[in-house]
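# Summary of the model geometry
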Amino acid sequence: PATWALVAVGLPLLASLLLIILSLQLTRAWQGQPVTEELTKPPAELQPGIVGILLKGKSSPRSLAATLLHLATRGYLQVVHRTDGFSFGKRRSLDLPVRQAGLPASPAQGSGLDHFELVLLDKLFLKDAIRSTGHDIELRIGRHLFSRKVAEAYLAMYEAALAEGWFVRNPELTHRRWRFVSLVVMAVAILAFVMSLLIGPAPHYYTLGFAGLFFVGVVMERIAPLLPRRTRAGDVAFRQWQAFRNFLANPAPLTGPIDAQALYERYLPYAVACGCEVEWTERFLDLPFRVPDWYTSETELHVIEEFANSLFPIIGTVATDLARAREPYAV
């Protein structure tokens, strides 16, 4: 009985140790040590949507929202707020991706835009159209159960992050290894449980331990896909961009000789990607502000709070609707 009790207690403890190692690897690799320093400029000139992938570990509606804002601040997209809704307009004549049946879109030449930006514009606007209302976008999204274009944009953004060396090319290999370990743990639990019933001297005293061992294996199998995909270079970039996020989210008012209007517009897409657009806007409450030329509203906007309250719901709604339309399991 003592041997069986030792096995019944020792195996779950060993599996729990593996689970703790897996959890620590998950937490440490994603978060690391808290980043307290600040960077007042972006570590690199990168697309905000790609930065959002680095911070979140995957493409998200925030990456799409940041991309839409980046298109607007660079003069490609006009955002119009109307009393009955909103609309987008093209500020430049662009050749959208060339698409052949059954093949992904090939990027337009000489547009100055990344592939995923062109695909998003292709989703927002019909061919040769220069204006798209919120209703038009809803119809385009609702035309199919899932959108290949949105999935293609997701994949293109993630491929851009891979090109920066931030993520491992084949994270599924690591996931498979941990899944194999979890399956071994569950198999051992089932085998030990059956053997205890057949040859154990008093099975009702220690079968609970084998049930616990099986439960540990199930938890390991569930959290294995959550393991981080970042490389060492990705960890370095993650900390740098976290430091820049600290600057964006700092509650202290901005001081010094700065062009507040240009600074706010330039870093707003990054703030959206980092999830701190409200904090970034609050830093400019006491500074002069005018509505950017890429944003039009039928109602008068006098202060930056009114601008933010008008703009953020539009961008957030479109990005969320687009994200919901992506194909299942798109990165």
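Residues numbered from 1 in each chain as written. Predicted model: local features only at pLDDT ≥ 70, side-chain atom pairs only at ≥ 80, totals over all residues. Heavy atoms only, no water.

## Topic: the packing of helix α3 (residues 61-73) against helix α10 (residues 260-274)
The contact between α3 and α10 brings their axes to 8 Å, and the two run at 170°. One way to sum up the angle between α3 and α10 is to call them roughly antiparallel. Packed against α3, whose contacting residues are Arg62, Ala65, Ala66, Leu69, His70 and Thr73, the element α10 presents Glu265, Leu268, Pro269, Val272 and Ala273 at the interface. Tallied by class, the residues present in the contact of α3 with α10 amount to seven nonpolar, two polar and two charged. (Axes fitted to C-alpha atoms, helices over the stretch in contact; angles between N-to-C directions. Helix = DSSP H or I, 4+ residues; strand = E, 2+ residues; numbered from the N terminus. Parallel < 35°, antiparallel > 145°, perpendicular 65-115°, else oblique. Contact = heavy atoms within 4.5 Å. Nonpolar A, V, L, I, M, F, W, Y, C, P; charged D, E, K, R; others polar.)

## Here we look at a nonpolar patch on the surface
Together, Ile190, Leu191, Phe193, Val194, Met195, Leu197, Leu198, Ile199 and Phe214 make up a nonpolar patch on the protein surface, roughly 860 Å² of accessible area in all. Position of Phe193 relative to the elements: it lies in helix α7 (residues 171-199). (Patch = residues over 30% accessible without salt bridge, like charges linked within 9 Å, V, L, I, M, F, W, Y side chains within 5 Å. Areas by Shrake-Rupley, 256 points an atom, 1.4 Å probe, with all protein chains shown as cover. Salt bridge = Lys/Arg side-chain N within 4 Å of Asp/Glu carboxyl O.)

## Focus on the confidence of the model for the chain
When pLDDT is averaged along the chain, the result is 79, and 78% of the positions lie at 70 or above. In the predicted structure, residues 96-110 sits below a pLDDT of 50 and forms 26 contacts with residues beyond four places in sequence or in another chain. (pLDDT = per-residue confidence, 0-100.)

## Describing the environment of Leu118
Looking at the secondary structure, you find Leu118 in helix α4 (residues 115-124). Given a relative accessible area of 0%, Leu118 falls into the buried group. Along the backbone, Leu118 and Ala153 are 35 residues apart, and their C-alpha atoms lie at a distance of 8.6 Å. (Buried < 20%, exposed > 50% of the residue type's maximum accessible area, 1.4 Å probe, protein only.)

## A closer look at the pairing of strand β2 (residues 85-90)
Among the six residues of β2, five are classified as buried, and the element is accordingly described as predominantly covered. Inspection of the sheet shows strand β1 (residues 77-82) paired to β2 by six bridges, in the antiparallel sense. What sits directly across from His81, in β2, is Phe86. What sits between the antiparallel neighbours β1 and β2 is a turn of two residues. Two elements, β2 and strand β3 (residues 131-133), share three bridges in a ladder whose sense is antiparallel. Pairing of Phe88 across the sheet is with Ser132, part of β3. (Pairing = 2+ DSSP bridges.)

## Digging into the pattern of salt bridges
All told, the structure shown has five salt bridges when counted by the stated rule. A salt bridge links Asp84 to Arg82; the nearest nitrogen and oxygen atoms lie 2.9 Å apart. The exposed category is assigned to Asp84, whose relative accessible area is 62%. The class for Arg82 is buried, based on a relative accessible area of 15%. A salt bridge links Arg91 to Asp293, with the nearest nitrogen and oxygen atoms 3.8 Å apart. One end of the pair, Arg91, is in the loop between β2 and α4; the other, Asp293, is in the loop between α11 (277-282) and β4 (295-297), and 202 residues separate them in sequence.

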